[in-house]
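So you can see what is in the structure, the chains are spelled out below.
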Amino acid sequence: FAPHVTRLADSGDEVAREILCNSVGRLAQLANDVIGRVFARDDNPELPVGLSGAILQSRSVKETLTNTLDSRCALHAITDAPIEGVRQLLSRLHS
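Here is a short report on the structure shown in this document. (Residues numbered from 1 in each chain as written. Predicted model: local features only at pLDDT ≥ 70, side-chain atom pairs only at ≥ 80, totals over all residues. Heavy atoms only, no water.)

1. Brief notes about the nonpolar core
Part 1 of the reasoning: Judged by nonpolar contacts, the single largest core of 13 residues is most densely connected at V61, L65 and L69.
Part 2 of the reasoning: For this core, the secondary-structure elements that each account for two or more residues are helix 1 (2–10), helix 2 (14–38), strand 1 (47–52) and helix 3 (59–68).
Part 3 of the reasoning: No other element matches the five residues that helix 2 contributes to this core.
Part 4 of the reasoning: In this view, V61 contacts L20, V24, I55 and L56; residues no more than four positions away in its chain are not counted. (Core = buried A, V, L, I, M, F, W, Y, C linked by side-chain atoms within 4.5 Å. Buried < 20%, exposed > 50% of the residue type's maximum accessible area, 1.4 Å probe, protein only. Helix = DSSP H or I, 4+ residues; strand = E, 2+ residues; numbered from the N terminus. Contact = heavy atoms within 4.5 Å.)

2. Observations concerning the pairing of strand 2 (residues 73–78)
Part 1 of the reasoning: With six bridges connecting them, strand 1 and strand 2 associate as parallel partners. In the sheet register, L47 faces strand 2, and the bridge partner there is C73.
Part 2 of the reasoning: Once you follow strand 1 into helix 3 and on to strand 2, the crossover reads as right-handed. (Pairing = 2+ DSSP bridges. Right-handed = clockwise from strand over helix to strand, strands pointing away.)

3. Re the side chain of S58
Part 1 of the reasoning: Relative to the helices and strands, S58 resides in the loop between strand 1 and helix 3.
Part 2 of the reasoning: Judged by relative accessible area, which is 4%, S58 ranks as buried.
Part 3 of the reasoning: The residues touching S58, leaving out its near neighbours within four places in the chain, are T6, D10 and L20.

4. Topic: a nonpolar patch on the surface
Part 1 of the reasoning: A cluster of nonpolar side chains, namely I83, V86, L90 and L93, defines an oily patch on the protein surface of about 410 Å² accessible area.
Part 2 of the reasoning: Among the secondary structure elements, L90 is positioned in helix 4 (residues 82–93). (Patch = residues over 30% accessible without salt bridge, like charges linked within 9 Å, V, L, I, M, F, W, Y side chains within 5 Å. Areas by Shrake-Rupley, 256 points an atom, 1.4 Å probe, with all protein chains shown as cover. Salt bridge = Lys/Arg side-chain N within 4 Å of Asp/Glu carboxyl O.)

5. Quick look at the pattern of salt bridges
Part 1 of the reasoning: Going through the model one piece at a time under the given rule, you end up with three salt bridges.
Part 2 of the reasoning: One salt bridge in this structure joins E63 and R17, with 2.7 Å as the shortest N-O distance. With E63 in helix 3 and R17 in helix 2, this pair connects stretches of sequence that are 46 residues apart.
Part 3 of the reasoning: You can call R17 partly exposed: its relative accessible area is 22%.
Part 4 of the reasoning: Notably, a salt bridge pairs R87 with E84, separated by 2.6 Å at the nearest N-O pair. Of the two residues, R87 and E84 are both situated in helix 4; the distance of three residues between them amounts to about one turn of the helix.
Part 5 of the reasoning: A residue is classified by how much of its surface remains accessible, and R87, at 47% relative accessible area, is partly exposed.
Part 6 of the reasoning: E84 gets classed as partly exposed once you look at its relative accessible area, which sits at 21%.

Right, dumping it as structure tokens:
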């Protein structure tokens, strides 16, 4: 269901865009709460935020995240297969 809503939102359907952006906007607000607590006194000017999957990489969602997330957040598309992150962590454990 979500891929269909995402596709409709990116093609200009206002109802689909509202559904998608409201959901992602709430998620971004929760992320901001965590960022405020964890990085409140951190000097790090940039907080990398990985976006994985078709929904989080859609145009509508990226726009919502950019407008809602803390200004220190830098969005980065993750295009590797999910297992790649697991593989990299395991290789670090055995190094």
